[in-house]
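Chain by chain, the residues run as shown.
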Amino acid sequence: MSYTFAKSQALFARAQLSIAAGVNSGIRKMEAPVPLYFTHGSGPQIWDVDGNHYIDFKLGQGALLFGHAPSGMADAIAAQARLGTHWAGQSELEVEVAERVQSMIPSAELVRFNNSATEVVGAAFRLARAHTGRPLILRFEGHYHGWMDEGLVGFANPADRWGDDEHPARTHPSKGVIPAVLEQFVVARWNDAAHVRRLVDEFKGQIAAIIFEPALCNTCCIEPVAGLMATIRELCDRDGMLMISDETITGFRFGAACAQGYYGYRPDLTILGKAIGGGTPFAALAGTKAAMAKILSGEVVHAGTLNGNPLCLAASKWCLDQIIGLGSDHPARVIKLGRRLMAGLAGLAREQGIPLHPQGPGLIFHTVMLKPGAVEGPVMDYRDYVRRHDAPRWAHLRRCLLEEGVSSIERGLWSISLEHGDAEIDEALNRASLALKRHAATWKTAV
Ligand code: PMP
């Protein structure tokens, strides 16, 4: 098949004359050979301006749990648009959505809505500091919590500035960050409960909250080891810290009760984004009454002109009703499909001698490409990933996959939507087989 992208190339050249660097989110420049321009999508499929058709596992950076352009959601948004697009005031719809979230997630005793998860993370940190009167947030290397100053401290520490294993560095990938922000964080390694315990003891009385992605989807889809969530809960209870579950990616994807239901823990605060809005700009902070108290009292400011926007609420209500309607079929069905895709990709790669190892719970997974000589076995944390994952080789394969019409997130994350079925998994594997063969024939290992 091997797609070409002349129209996307031309649009990208034109865009650079009016849009800074041609894209509206820096990460979109990672798409090779060119950032793609899309015309339409339908369920698990998407088409670009060159007429190329993709089986889509990128799904709008994971937001499209319900696939592209679900007609029920389009109708709900259109009906609301005719009544009004924005109130900056109250509507019954916002109560209906809040009640649904409350009924699905046991720890969500109260909610507040925003337009992006980045904003919600900022609100959660502010709330935690006000709740405890303490300055520090403990977070983990490789975990992403939005793009603002506070969200990225220690996210992607460069290997030459890691710091020792016990005290990971507090680097920030952006220039222009308020320097004092870096000092408000303690950075830990993921999946080492004893190490987290030691750091909490070292900074005793100064940590307001521990935040994490329950399954580390932003780095290699690394699930928590047994006991990690229980340790974090125990330490938070012991020292009066808030446990913040960033479920921007995992929320509703891992089931109606999100990853906290799937792995069995109860956080104080939860960040919801992506799937809750089905691709509209919608996000929520959910929490226990105790953790949300400073918002109730007004001591913590939480605001936003477009919060509780009726178009997003109409979409969200439709999305949440789909999940509620699926009952115990979700996430079982997406797990089964995803595991079949993982096994199929691993088998095809093996046939070609390509060291590709999908890892994750199935409904979402990451394709690890091992470096020459790297040991096999699950990747356990950010440093392990940097040491063993062959990013240039994965980028080469990812481009081959894209040129055969299989789309995953650039760094190697694949999500299954509720619209994928066995036919799409079969088709994706047929296409992937061509891509893997071409990759094997054209990839040259640097000697
Ligand atoms: N937290 C996590 C875990 C995320 O993956 C993201 C986005 N990828 C965010 C927060 C920020 O979400 P948004 O881009 O909607 O602000």
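So, how was this worked out
- Residues numbered from 1 in each chain as written.
- Predicted model: local features only at pLDDT ≥ 70, side-chain atom pairs only at ≥ 80, totals over all residues.
- Heavy atoms only, no water.
- Helix = DSSP H or I, 4+ residues; strand = E, 2+ residues; numbered from the N terminus.
- Buried < 20%, exposed > 50% of the residue type's maximum accessible area, 1.4 Å probe, protein only.
- Contact = heavy atoms within 4.5 Å.
- Areas by Shrake-Rupley, 256 points an atom, 1.4 Å probe, with all protein chains shown as cover.
- Core = buried A, V, L, I, M, F, W, Y, C linked by side-chain atoms within 4.5 Å.
- Domains from an automatic or database assignment.
- Axes fitted to C-alpha atoms, helices over the stretch in contact; angles between N-to-C directions.
- Left-handed = near helix turned anticlockwise from the far one by under 90°.
- Nonpolar A, V, L, I, M, F, W, Y, C, P; charged D, E, K, R; others polar.
- Phe/Tyr/Trp six-rings, centres within 6.5 Å; stacked < 30°, edge-to-face > 60°.
- Near = heavy atom within 4 Å.
- Polar contact = N/O pair within 3.5 Å; in protein donor to acceptor, adjacent residues only side chain to side chain.
- Parallel < 35°, antiparallel > 145°, perpendicular 65-115°, else oblique.
- Pairing = 2+ DSSP bridges.
- Right-handed = clockwise from strand over helix to strand, strands pointing away.
- Lys, Arg positive; Asp, Glu negative; His and termini not counted.
- Salt bridge = Lys/Arg side-chain N within 4 Å of Asp/Glu carboxyl O.

*Asks:* Would you take a moment to explain the overall build of the chain for this structure?
*Replies:* A tally of helices and strands in the chain yields 15 helices and 14 strands. Seen along its three principal axes, the alpha-carbon backbone of the chain occupies a region of about 60 × 60 × 50 Å. Taken over 447 residues, the chain has a buried fraction of 55%. Considering only intrachain contacts with a sequence separation of at least 6, the fraction spanning at least 24 residues in the chain is 71%. Accessible surface, the chain: about 18,200 Å² in total, of which carbon and sulfur atoms supply 56%.

*Asks:* Teacher, can you tell me more about the nonpolar core here?
*Replies:* Note that soluble globular proteins tend to have their nonpolar side chains buried in a common cluster. Judged by nonpolar contacts, the single largest core of 93 residues is most densely connected at Phe252 and Leu341. Taken domain by domain, the makeup of this core includes at least three residues from each of domain 1 (6–69 + 331–446) and domain 2 (71–328). The contacts of Phe252, once residues within four sequence positions are left out, are Leu65, Met104, Ile105, Cys258, Leu272, Ala275, Ile276, Leu320, Ile323 and His330. Counting 26 residues, the second largest nonpolar core, distinct from the first, contains Ala128, Val177, Ile211 and Ala291.

*Asks:* Just checking my understanding: could you explain the packing of helix H4 (residues 92–104) against helix H11 (residues 310–326) for this structure?
*Replies:* When two helices pack together, their arrangement is given by the angle between their axes and by how far apart the axes lie. Across the interface, H4 lies against H11 with an axial gap of 9 Å and an inter-helix angle of 30°. The handedness of the crossing between H4 and H11 is left-handed. Across the interface between the two elements, Leu93, Glu94, Glu96, Val97, Arg100, Val101 and Met104 of H4 pack against Pro310, Leu313, Ala314, Ser316, Lys317, Leu320, Asp321, Ile323 and Ile324 of H11. Looking at the contact of H4 with H11, its residues break down into 10 nonpolar, one polar and five charged.

*Asks:* Just checking my understanding: could you explain the packing of aromatic side chains for this structure?
*Replies:* Note on aromatic pairs: each is described by the distance of the centres and the angle between the planes. Under the definition given, this model contains 14 aromatic pairs. Their ring planes at 65° and their centres at 5.7 Å tell us that Phe125 and Phe185 sit as a pair that is edge-to-face. In this pair, Phe125 sits in helix H5 (residues 117–132) while Phe185 sits in strand E6 (residues 185–188), placing the two residues 60 residues apart along the sequence. Owing to a relative accessible area of 1%, Phe125 belongs among the buried residues under this scheme.

*Asks:* Looking at this structure, how should I read the site of the ligand?
*Replies:* Around the ligand sit Ser116, Ala117, Thr118, Tyr144, His145, Gly146, Glu213, Asn218, Asp246, Thr248, Ile249 and Lys274, and that is every residue in its neighbourhood. Within the side chain of Thr118, one N or O atom sits 2.5 Å away from an oxygen atom of the ligand. Lys274 is positioned such that a nitrogen or oxygen atom in its side chain is 3.0 Å from a nitrogen atom of the ligand. Here the shell around the ligand is built from residues that sort into three nonpolar, six polar and three charged.

*Asks:* Can you walk me through the packing of helix H3 (residues 71–83) against H11 in this structure?
*Replies:* Two numbers describe how H3 lies on H11: the axes approach to 8 Å, and their chain directions differ by 150°. Classed by the angle they form, the pair H3 and H11 counts as roughly antiparallel. Relative to H11, the crossing made by H3 is right-handed. When H3 is examined against H11, the residues Gly72, Met73, Ala76, Ile77, Gln80 and Ala81 are found in contact with a partner set consisting of Pro310, Leu311, Ala314, Ala315, Trp318 and Cys319. Along the lines of polarity and charge, the residues of the contact of H3 with H11 split into 10 nonpolar, two polar and no charged.

*Asks:* Looking at this model, I keep getting lost on the pairing of strand E7 (residues 207–212). Mind explaining?
*Replies:* For a regular strand, side-chain orientation follows a simple rule: the groups alternate between the two sheet faces. The buried fraction of E7 amounts to six of the six residues, a majority that puts the element mostly inside the structure. As judged from the four bridges shared by E7 and strand E8 (residues 242–247), these two strands associate in the parallel manner. Across the sheet, Ile210 pairs through a bridge with Met243, a residue of E8. Taking the sense of rotation as the criterion, the β-α-β connection linking E7, helix H8 (residues 228–239) and E8 turns out right-handed.

*Asks:* How should the sheet that holds strand E4 (residues 110–114) be read in this particular structure?
*Replies:* By way of backbone hydrogen bonds, the strands of a sheet pair with one another, either parallel or antiparallel. Pairing is mixed in the open sheet, where seven strands are placed in the order E4-E10-E9-E8-E7-E5-E6. Edge positions in the sheet fall to E4 and E6, since each has one partner strand and no second. Strand-to-strand twist in this sheet, taken as the mean axis angle between neighbours without regard to direction, amounts to 20°. The pairing of strand E5 (residues 136–140) with E7 spans three bridges and is parallel. Bridge pairing in E7 places Leu136 opposite Ile207. On the sheet, H4 packs against E4 and strand E9 (269–272) and is oriented at approximately 125° with respect to E4. Each of E5, E6 and E7 is contacted by helix H7 (residues 193–202), which is oriented at about 160° to E6, the strand it contacts most.

*Asks:* I would appreciate a short explanation of the environment of Ala208 in the present structure.
*Replies:* You can see Ala208 is positioned in strand E7. In this structure the C-alpha to C-alpha distance between Ala208 and His131, which are 77 residues apart in sequence, comes to 7.8 Å. In contact with Ala208, not counting residues within four places along its chain, are Ala128, Arg129, Thr132, Arg134, Leu136, Ile137, Met241 and Leu242.

*Asks:* Where do I start with the side chain of Glu247 in this structure?
*Replies:* Structurally, Glu247 can be placed in strand E8. The buried charged residue Glu247 lacks any salt bridge partner; its closest oppositely charged side chain belongs to Arg253, at an N-O distance of 9.7 Å. Residues in contact with Glu247, not counting those within four places in the same chain, are Pro214, Cys258, Ala259, Gln260, Tyr265, Thr270, Ile271, Leu272 and Gly273.

Function cannot be read off these values alone, since they describe shape.
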